[in-house]
Amino acid sequence: MKKREDVAFASKIGAIAAAAGSAVGLGNIWRFPSQAAEGGGGLFVIFYLVCLCFFGVPLFISELMVGRASKQDASRCFQVLAPKTAWHWVGVIAVLVSIIVLGYYVVVCGWTLYYFWQSLTGALNHITDFQGAFNDFQANIPLQMILMVLFSILTAAIVLGGVSHGIEASCKILMPLLFLLLIGLAIRALTLPGASEGFVYLMKPDFTKLNGSVLLGALAQTFFSMSLGMGAMLTYGAYCADDMNLPKSSMTVALVNALVAVLASLMIFPSAFALAAPGENMAEILKEGGPGLLFVTVPKFMLNLPGAMIWSSAFFLLVSLAALTSTISLMEVSTATLYKKFGLSRFVSTMIILVIVIALGALCTYSPSAFIMSDYISAKILMPVGGFLVSIFVGWRMDRNLVKVQFTNGGTLPYGGGLLKAFSFILRYVAPAVIVVIFIYGFI
Ligand code: TRP
């Protein structure tokens, strides 16, 4: 007997949990704090929040709309809405890039698994030099490889479960859990001595740092953290019910996303300051921290808490889980394309993508330059370009009536007036222009 096909989210809350799960990930907990440290703390945070409101939300709605209006996988949704045009390639490229992003993302996911394991076994308690320990771990290629493969398999196992039984069901459990723990940890971090310095560092803008690369960094972070420009929301959009309120859901996701990023930073920065030895310039250390920030500063901070093992195990478990809800969205993009476009079964599609991701992950583990290049090219070049094209598409090319129908759910939502106008205006003029300017400004 053929199983009933699982091709849509079963509930709206589940759909929001899945979308928020995609958005909230390493981007918030690992990438955001280190980017903020690089971009001058508060200044970066302000730009990020502005970008999130003005580009993140409208583009998030746009991708969901294109997906839902076409009910196709990312590679074909543009083709359905604008047949026989070059728009088709936007979707195809998004699918290809989603695989590249996943290839380096799973490497960091592997690191989080390692730190979870180290916390659980208590090994982390015996470390005195966290930077040294992190460097040693970085040099251990086989171990990183095993963890990366493990994480990829875990992701594939959920994607295999299908849209509502795999993706939605797991996100509905994982997201609330993650949030509760983050709040607990942030409160704990803020009550440490010296924490106020870290808080000020995160909140106070340093305008001397203002330059093109900080702006580009904030824009890139918006795309990365809202899962834009890689087909993820195009894919999820197709699974959303026709009566789901896309503008409101997108705002909810953006809010949750920003909150998690800020909470994670409030935990990392104050703890870094609280732990600084007298005379140590923590702001400098933070700036240098880069990818290691999460794996050097956080465990060090945890060590000082009563019940360190429990705190750090829970923290790294939940970082891993946040990452997992993101990797499943990334894997679903190409898996959906294989099974919808090429008619393969979900099992075969998932397995093919799993093998490709593991191969890319292996490359990024071996070669730090491949890793850095993947992040740079995808977040700072391809995602803004993808975002630019999506805004042009929904702003100019997509049938106006269809845009209205999607935005207002066929007139049942009271968004047809000013809100729709503002949305269209941003997509037509503001987003494309600003993306181009920041893009050029960021590179000169
Ligand atoms: N948004 C995720 C994060 O912040 C990463 C991510 C998941 C992503 N899916 C995506 C980024 C699709 C770009 C496109 O960690």
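You'll find the structure just up there.
Now for a look at the structure at hand. Small disclaimer: the values here were computed from a predicted structure and weren't measured.

Here is what the cut-offs are and how they apply
Residues numbered from 1 in each chain as written. Predicted model: local features only at pLDDT ≥ 70, side-chain atom pairs only at ≥ 80, totals over all residues. Heavy atoms only, no water. Helix = DSSP H or I, 4+ residues; strand = E, 2+ residues; numbered from the N terminus. Buried < 20%, exposed > 50% of the residue type's maximum accessible area, 1.4 Å probe, protein only. Contact = heavy atoms within 4.5 Å. Areas by Shrake-Rupley, 256 points an atom, 1.4 Å probe, with all protein chains shown as cover. Lys, Arg positive; Asp, Glu negative; His and termini not counted. Charge placed at Lys NZ, Arg CZ, Asp CG, Glu CD. Near = heavy atom within 4 Å. Polar contact = N/O pair within 3.5 Å; in protein donor to acceptor, adjacent residues only side chain to side chain. 1 Å grid on protein atoms, 1.4 Å probe; cavity = no way out; pocket = protein on both sides within 12 Å on 5 of 7 lines; lining within 4 Å. Sits in = over half its atoms within 2 Å of the grid points. Nonpolar A, V, L, I, M, F, W, Y, C, P; charged D, E, K, R; others polar. Axes fitted to C-alpha atoms, helices over the stretch in contact; angles between N-to-C directions. Parallel < 35°, antiparallel > 145°, perpendicular 65-115°, else oblique. Left-handed = near helix turned anticlockwise from the far one by under 90°. Points joined across faces, edges and corners; volume = space filled by probe spheres on them. Phe/Tyr/Trp six-rings, centres within 6.5 Å; stacked < 30°, edge-to-face > 60°. Lys NZ or Arg CZ within 6 Å of the ring centre and 35° of its normal. Patch = residues over 30% accessible without salt bridge, like charges linked within 9 Å, V, L, I, M, F, W, Y side chains within 5 Å. Salt bridge = Lys/Arg side-chain N within 4 Å of Asp/Glu carboxyl O.

**A few points about the overall build of the chain**
Counting secondary structure elements, the chain contains 19 helices and 0 strands. Seen along its three principal axes, the alpha-carbon backbone of the chain occupies a region of about 65 × 55 × 40 Å. Put simply, the chain has 444 residues, and 59% of those count as buried. If you take every contact in the chain between residues at least 6 apart in sequence, the share linking residues at least 24 apart comes to 85%. Roughly 17300 Å² of accessible area belongs to the chain as shown, and the carbon and sulfur atoms make up 71% of that amount. If the 25 positive side-chain charges of the chain are averaged to one point and the 18 negative ones to another, these points end up 12 Å apart.

**Examining the site of the ligand**
Taken together, 16 residues surround the ligand, and among them Ala23, Gly27, Tyr105, Phe224 and Ser227 come closest. Taking Gly27, its main chain carries an N or O atom lying 2.7 Å from an oxygen atom of the ligand. In this structure, a nitrogen atom belonging to the ligand sits 2.8 Å away from a main-chain N or O atom of Phe224. When the free accessible area of the ligand is taken as 360 Å², the share hidden by the protein chains comes to 100%. Because more than half of its atoms lie within 2 Å of the grid, the ligand is assigned to the largest cavity. Only helix H1 (12-23), helix H2 (26-38), helix H10 (212-225) and helix H15 (308-341) provide two or more residues apiece to the shell around the ligand. Its residues assigned to classes, the shell around the ligand comprises 8 nonpolar, 8 polar and no charged.

**Notes on the packing of helix H7 (residues 141-160) against helix H16 (residues 346-366)**
At a closest axis distance of 9 Å, the pairing of H7 and H16 adopts a crossing angle of 155°. Our classification of the angle between H7 and H16 gives roughly antiparallel. Crossing angle aside, the handedness with which H7 passes H16 is right-handed. Where H7 abuts H16, its residues Ile141, Gln144, Met145, Met148, Val149, Ser152, Ile153, Ala156, Val159 and Leu160 lie against Arg346, Phe347, Thr350, Met351, Leu354, Val357, Ile358, Gly361, Ala362, Thr365 and Tyr366. Split by residue class, the contact of H7 with H16 holds 15 nonpolar, 5 polar and 1 charged.

**Topic: unusual backbone geometry**
Within the chain, Lys71 stands out as a residue other than glycine whose phi angle is a positive 55°. With respect to the helices, strands and loops of the structure, Lys71 is situated in the loop between helix H3 (42-70) and helix H4 (74-81). You can call Lys71 partly exposed: its relative accessible area is 38%. In this model, Asn409 sits at a positive phi of 50°, which is unusual for a non-glycine residue. Relative to the helices and strands, Asn409 resides in the loop between helix H18 (400-408) and helix H19 (418-443).

**Concerning the environment of Gly41**
Among the secondary structure elements, Gly41 is positioned in the loop between H2 and H3. With 28 residues separating them along the chain, Gly41 and Ile13 place their C-alpha atoms 34 Å apart. When residues no more than four places from it in sequence are discounted, the contact partners of Gly41 are Ala36, Tyr201 and Leu202.

**A look at empty space enclosed by the protein**
With the rule as written, the count across this model stands at 3 cavities of 30 Å³ or more. Quantified by volume, the largest cavity comes out at close to 150 Å³. Ser22, Val101, Phe224, Ser227 and Leu330 are the residues nearest the centre of the largest cavity, which is lined by 17 residues in total. Among the elements of the structure, H1, helix H5 (88-120), H10 and H15 are those that each provide at least two residues to the lining of the largest cavity. Along the lines of polarity and charge, the residues of the lining of the largest cavity split into 10 nonpolar, 7 polar and no charged.

**So, the packing of aromatic side chains**
Counted by the stated rule, this structure contains 26 aromatic pairs. Ring centres of Tyr115 and Phe316 lie 5.5 Å apart, and the angle between their planes is 40°; this geometry places the pair in the tilted category. With Tyr115 in helix H5 and Phe316 in helix H15, this residue pair connects regions lying 201 residues apart in the sequence. Residues Tyr115 and Phe316 agree in their burial class; the two are buried. Pairing Phe425 with Tyr429 gives two aromatic rings, centres 5.3 Å apart and planes at 50°, and the pair type is tilted. Here Tyr429 and Phe425 lie together in helix H19, a separation of 4 residues that amounts to about one turn. Residue classification places Phe425 among the partly exposed positions, given a relative accessible area of 47%. The class for Tyr429 is partly exposed, based on a relative accessible area of 40%. By the ring-pair criterion, three or more aromatic residues cluster together here, those being Tyr104, Trp111, Tyr114, Tyr115, Phe134, Phe137, Phe295, Phe315, Phe316 and Phe371. Positioned above the aromatic ring of Phe224, the side-chain terminus of Arg31 is 5.0 Å from the ring centre.

**As for a nonpolar patch on the surface**
Taken together, the side chains of Phe342, Leu344, Phe347, Val348, Ile352 and Ile356 make up a nonpolar region of the molecular surface, amounting to roughly 510 Å² of accessible area. Inspection of the secondary structure puts Phe347 in helix H16. What makes Phe347 partly exposed here is its relative accessible area of 48%.

**Re the side chain of Ser75**
Tracing the chain through its elements places Ser75 in helix H4. You can call Ser75 buried: its relative accessible area is 3%. Separated by 2.6 Å, the side chains of Ser75 and Asp73 make a polar contact. When sequence neighbours within four positions are dropped, the list of residues in contact with Ser75 reads His88, Gly91, Val92, Val95, Thr337 and Lys341.

**Quick look at H18**
Looking at H18, one finds that the buried residues are Val403, Gln406, Phe407 and Thr408. Backbone geometry just downstream of H18 places Asn409 in the positive-phi region, at approximately 50°.

None of the figures reported here should be taken as evidence of function without further support.
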